[in-house]
Number of protein chains: 2
Amino acid sequence: MTNRLPFTLHATDGNARRGTLHTAHGPVETPVFMPVGTAATVKAMLPETVAQTGADIVLGNTYHLMLRPTAERIAKLGGLHHFMRWDKAILTDSGGFQVMSLAKIREISEEGVRFQSHLDGSSHMLSPERSMEIQHLLGSDITMIFDECTPFPASHQTARESMELSLRWAERSKQAYQPREGYGLFGIVQGSVYEDLRTASATALNQMEFDGMAIGGLAVGEGQAEMLRVLDFTVPQLPDDKPRYLMGVGKPDDLVEAVLRGVDMFDCVLPTRSGRNGQAFTWQGTINIRNARYADDPTPLDAGSTCPASRDYSKAYLHHLVKSNEILGAMLMTWHNVAFYQRLMQHMRDAISAGTLQEFAENFLRRYTKQ
Amino acid sequence: MTNRLPFTLHATDGNARRGTLHTAHGPVETPVFMPVGTAATVKAMLPETVAQTGADIVLGNTYHLMLRPTAERIAKLGGLHHFMRWDKAILTDSGGFQVMSLAKIREISEEGVRFQSHLDGSSHMLSPERSMEIQHLLGSDITMIFDECTPFPASHQTARESMELSLRWAERSKQAYQPREGYGLFGIVQGSVYEDLRTASATALNQMEFDGMAIGGLAVGEGQAEMLRVLDFTVPQLPDDKPRYLMGVGKPDDLVEAVLRGVDMFDCVLPTRSGRNGQAFTWQGTINIRNARYADDPTPLDAGSTCPASRDYSKAYLHHLVKSNEILGAMLMTWHNVAFYQRLMQHMRDAISAGTLQEFAENFLRRYTKQ
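Only a predicted model underlies this, so the values are computations on that prediction, with no experimental measurement involved. (Residues numbered from 1 in each chain as written. Chains lettered and ligands numbered in written order. Predicted model: local features only at pLDDT ≥ 70, side-chain atom pairs only at ≥ 80, totals over all residues.)

## Comments concerning the environment of Met132 of chain A
Residues and elements named next belong to chain A. So the rule is basically this: Numbered from the N terminus, helices here are DSSP runs of H or I no shorter than four residues, and strands are runs of E no shorter than two. In this description, a residue-residue contact is defined by the distance between C-beta atoms placed from the backbone, which must lie within 7 Å.
Counting through the fold element by element, Met132 comes out in helix α6 (residues 128-138). Taking the C-alpha atoms as reference points, Met132 and Asp93, separated by 39 residues in sequence, lie 10 Å from one another. Those residues in contact with Met132 that sit more than four places away from it in its chain are Thr143, Ser173, Ala176 and Tyr177.

See below:
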């Protein structure tokens, strides 16, 4: 397979890696956190503000976009980048996860998943072929194979059958995918918490040769310790020369722990969703800005940040806005959180280059988790 | 009375005037539209974005701010400008209008209005003296006298008694107000739709010598034709050398008609509230972006605008965002509408300087109202 989505490794530090993924819409510096732009918008943020935080790439959701405004409409309007005015890279998920968590009624078969829209009850089919078609119509720089996200907890047999179905769908995804320069297709390792299944999944996917490898089926309720245990035996199964993406993760301390174990890419709704709910991430852990202690606090969330939302607005003002359900509250809190995540990733990239990630991680975790 | 809030007239065109109001927080070019920042935020906009549309001044609401976060808290945090990060001018209303429209239970007396908060039922008093104190604590560049906004319709006797109460409250407001250089106090003409009452109100207020004169009690359901009829006989009663402010107005065609009649200042929630509801102002009238006709429309709301929200985002994208209840939809639609209002005012200021306001108004109204 030709290397259509080149991944350059610049440095390693323990198991952690510092690299650049070269996409059709610019370079993505790794380890990277991808803000989630579910419905063609990172909620409550202008696209230029997202870029200003340092984000090189955002995630779009196939399930949401296929239902509204539809992939065909977005294609006709010039593709997802043009539609949402985001000229940097986009990764789209396959729809497999959300069709199971959001759709009203769904019926899974060898062919794929037939489901009813949570919006209007209309009937739809998602299959490996249809998912590839949608992601192609959207113009995603990084397409994810269509898989089944194994529920948690799952017995060994259930996890095995689910993982094997995902492998057959991975093969069909590969066949249906239309390769282009600067664009890539990622495989997704499943197998729940079972080492033999994760190994079997990774081995089979490695042979299919994808442009990157994702780890799916985690951050679904197993807890951080169990997630890290699974990473400990799964990451070593993945190719060294391709990016590794831990899907749907996570909290800042999850990111640090996973980067230490060699993960390169992340996405999570946490910074955006928490922001809308009044939770702010700080180097000393999370705070709930609704708390009365902030009503008279003239200090900003992070005086040392270059992000205006973090540096220029008082906690007292943010407290007032969030308590008053003002949209500006959601805007500023989201902006701060996304900027915080980007700063955290920048610190980790710098530390890997300097060979000081372990020290950074210990200092960060001590302050952040107040251990 | 010394001229603490200088108003310079640059040009007149018919009854219309082009001027500059020199406030402690910078010049305000008139005729001016003031976006409404009820709870210390122009809803769904960053303060720098509001300034970027060309706004020199915003309005804050005494009623909302006295209840949350309270005027005393804002004063302790450095005043309203600092609190909301708006370093240009601020006008605050007196609370008189909203205590009548929003408070749960209110009891009006010669002393003032005792009421229960719509937020938590707590008991409060608003009087001329308390309103002046609150607006002083907020640090408003322009303070409005505490008056009673006469309901519509009102009999001549009701309107007269209400207007006379407002005159007594105006006198008490003047006594309680603490004059400062660059700050001013505006009187408010009442009298419902009755020429003799408007004349009596204006005459009495003129003798008290305020820094500017407002026309209250309009845009309360009387309709545009009746409002313009009242302006026709009220505006000539106001001093030529002071700014004239038509409170709570209005639609774009209202603004044009009122500027033609010599009004200099306006405020209205319409551009912001409509934006959150999916209504966009255009030179060809308003459009509802939710309409299915926009689902595939790749054109922006106003290709000729310098406002990014108006120029850079397709109607199809705005349609999608608003239909999906995305916060970014409210952000972009509000931004566009506020920018549209500011452009309209700039066009009128330019036309007055050029002596072409009548022509501009006819062209605008023909296109806007599709007459």
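## Overview of the domain arrangement of chain A
Residue and element names in this part refer to chain A. Quick note on the threshold: Annotation comment: domain bounds sourced from an automatic or database domain assignment. Residues are sorted three ways: Asp, Glu, Lys and Arg are charged, Ala, Val, Leu, Ile, Met, Phe, Trp, Tyr, Cys and Pro are nonpolar, and all the rest, Gly among them, are polar.
Domain parsing of chain A yields domain 1 (7-267) and domain 2 (269-371). On a C-alpha basis, the centres of domain 1 and domain 2 stand 26 Å from each other. At the level of secondary structure, the elements contributing two or more residues to the side of domain 1 that touches domain 2 comprise β1 (7-13), β2 (16-23), β4 (32-35), α1 (47-52) and α10 (252-260). Tallied by class, residues from the side of domain 1 that touches domain 2 come to 17 nonpolar, 6 polar and 7 charged.

## Re the sheet that holds strand β9 (residues 123-126) of chain A
Residues and elements named next belong to chain A. Under the convention used in this document: Should DSSP find at least two bridges between two strands, the strands are taken to pair. Where helices are involved, their axes are fitted lines through C-alpha atoms of the stretch in contact, as for all axes, and angles between N-to-C directions lie from 0 to 180°.
Taking strand neighbours across the sheet as the criterion, the 3 strands line up as β7-β8-β9 in an open arrangement whose pairing is antiparallel. A single partner strand is all that each edge strand has here, and the edge strands are β7 (106-108) and β9. Within the sheet, the average angular offset between the axes of one strand and its neighbour, ignoring direction, is 15 degrees. When strand β8 (residues 113-116) meets β9, the two strands line up antiparallel, connected through 4 bridges. Across the sheet, the residue bridging to Phe115 is His124, located in β9.

## With respect to the interface of chain B and chain A
Facing the 29 residues of chain B at the interface are 29 residues of chain A. Among the secondary structure elements, those contributing two or more residues to the side of chain B that touches chain A are α3 (71-76), α4 (80-84), α13 (315-323) and α14 (327-354) of chain B.

## So, the relation of the copies chain B and chain A
To be explicit about the condition: Copy-to-copy alignment: least squares on C-alpha atoms, limited to residues at pLDDT 70 or above in both.
For the pair chain B and chain A, the relating rotation is 180 degrees, the translation along its axis is 0.0 Å, and the fit reaches an RMSD of 0.0 Å. The operation mapping one copy onto its partner corresponds to a two-fold rotation axis. For chain B, the residue whose C-alpha comes nearest the rotation axis is Ile327 of chain B, separated from it by 3.7 Å. With an isologous cut-off of 70% or more, the 100% of interface residues of chain B that recur at the interface of chain A puts this contact in the isologous class.

## What about the nonpolar core?
The line we're drawing: A set of buried residues qualifies as a nonpolar core if it consists of Ala, Val, Leu, Ile, Met, Phe, Trp, Tyr and Cys joined through C-beta atoms within 7 Å. For every residue, the other C-beta atoms within 10 Å of its own C-beta are counted; 20 or more classify it as buried, 12 or fewer as exposed, and values in between as partly exposed. C-beta atoms are placed from the backbone.
Counting 239 residues, the largest nonpolar core has Phe186 of chain A together with Phe186 of chain B as the members making the most contacts within it. Apart from residues no more than four positions distant in its own chain, Phe186 of chain B is found in contact with Ile142, Met144, Ile145, Phe210, Asp211, Gly212, Met213, Ala214 and Tyr245 of chain B.

## Considerations on the packing of helix α7 (residues 156-176) of chain B against helix α8 (residues 195-208) of chain B
All names here are of chain B. Rules: Working rule for angles: under 35 degrees goes down as roughly parallel, over 145 as roughly antiparallel, 65 to 115 as roughly perpendicular, anything else as oblique.
At a closest axis distance of 10 Å, the pairing of α7 and α8 adopts a crossing angle of 10 degrees. Between α7 and α8, the crossing angle belongs to the class labelled roughly parallel. Residue-level inspection shows Ala159, Arg160, Met163, Leu167, Ala170, Glu171 and Lys174 of α7 in contact with α8, the latter providing Leu197, Ser201, Ala204, Leu205 and Met208. Taken together, the residues of the contact of α7 with α8 break down into 8 nonpolar, 1 polar and 3 charged.

## Remarks on the sheet that holds strand β13 (residues 244-246) of chain A
All names here are of chain A. As summarised here, the arrangement of the 8 strands in space is β4-β14-β13-β12-β11-β10-β6-β5, forming an open sheet in which the pairing is parallel. Of all the strands in the sheet, just β4 and β5 (57-60) have a single pairing partner and so form its edges. Going across the sheet, the axis of each strand differs from the next one's by a mean of 25 degrees, ignoring polarity. With 2 bridges connecting them, strand β6 (residues 89-92) and strand β10 (residues 142-144) associate as parallel partners. The residue bridging Leu91 from the neighbouring strand is Ile142, located in β10.

## Concerning the confidence of the model for chain A
Caution applies to low-pLDDT regions: their predicted coordinates should not be interpreted in detail. Under the convention used in this document: For every residue, the pLDDT score states the predictor's confidence, bounded by 0 at the bottom and 100 at the top.
Mean pLDDT over chain A works out to 97, with 99% of the residues at or above the 70 mark. Scored by ipTM, the complex comes to 0.98, with pTM at 0.98.

## Focus on the pairing of β5 of chain A
Residues and elements named next belong to chain A. In β5, alternate side chains face the same way, and those of Ile57 and Leu59 on one face and Val58 and Gly60 on the other are all buried. Looking at chain direction, β5 and β6 are connected through 4 bridges and run parallel. By the bridge assignment for β6, Val58 is matched with Ile90.

## Points about α10 of chain A
Residues and elements named next belong to chain A. Summarising burial for α10: 8 of the 9 residues are buried, a large majority. Looking at α10, one finds that the buried residues are Pro252, Asp254, Leu255, Val256, Glu257, Ala258, Val259 and Leu260. Gly262 sits one or two residues past α10 and shows a positive phi near 100 degrees.

## Section: the environment of Ala330 of chain B
Among the secondary structure elements, Ala330 of chain B is positioned in helix α14. Judged by the 24 C-beta atoms lying within 10 Å of it, Ala330 of chain B is buried. Once the C-alpha coordinates of Ala330 of chain B and Thr272 of chain B are considered, the two residues, 58 residues apart in sequence, prove to be 8.7 Å apart. In this structure, Ala330 of chain B is in contact with Ile327 of chain A together with Ala44, Gly275 and Arg276 of chain B, ignoring residues within four places of it in sequence.

## Some remarks on helix α13 (residues 315-323) of chain A
By the criterion of burial, α13 of chain A is predominantly enclosed, with 8 of the 9 residues buried. Every buried residue of α13 of chain A is listed here: Lys315, Ala316, Tyr317, Leu318, His319, His320, Leu321 and Val322 of chain A. Looking at the buried side of α13 of chain A, the elements it contacts are α14 (327-354) of chain A together with α4 of chain B. Looking one or two residues beyond α13 of chain A, the residue adopting positive phi is Asn325 of chain A, at roughly 55 degrees.

## A short note on the packing of α8 of chain B against helix α9 (residues 224-234) of chain B
Residues and elements named next belong to chain B. Which entries qualify depends on this criterion: For a crossing to be left-handed, the near helix must be turned anticlockwise from the far one by less than a right angle; the clockwise case is right-handed.
At a minimum axis distance of 10 Å, the contact between α8 and α9 shows a crossing angle of 45 degrees. Relative to α9, the element α8 lies oblique. Taken as a pair, α8 and α9 cross one another with a handedness that is right-handed. The residues of α9 that touch α8, namely those facing Glu195, Arg198 and Ala202, are Val230, Phe233 and Thr234. For the contact of α8 with α9, a count of residues per class yields 3 nonpolar, 1 polar and 2 charged.

## Some details on the environment of Met100 of chain A
Residues and elements named next belong to chain A. One can find Met100 in helix α5 (residues 96-101). Take Met100: there are 17 C-beta atoms within 10 Å of it, and that puts it in the partly exposed class. Once the C-alpha coordinates of Met100 and Phe115 are considered, the two residues, 15 residues apart in sequence, prove to be 8.8 Å apart. Residues in contact with Met100, not counting those within four places in the same chain, are Arg106 and Cys149.

## Side note on unusual backbone geometry
Pro69 of chain A follows Arg68 of chain A through a cis peptide bond whose omega is 10 degrees. Within the fold, Pro69 of chain A resides in the loop between α2 (62-67) and α3 (71-76). The step from Val249 of chain A to Gly250 of chain A runs through a cis peptide bond, and the omega angle for that step is 0 degrees. Its identity as a non-glycine residue notwithstanding, Ala40 of chain B has a phi of 70 degrees, on the positive side. When the 27 C-beta atoms within 10 Å are taken as the criterion, Ala40 of chain B is described as buried. The backbone phi angle of Ala44 of chain B is positive, close to 75 degrees, even though this residue is not glycine.

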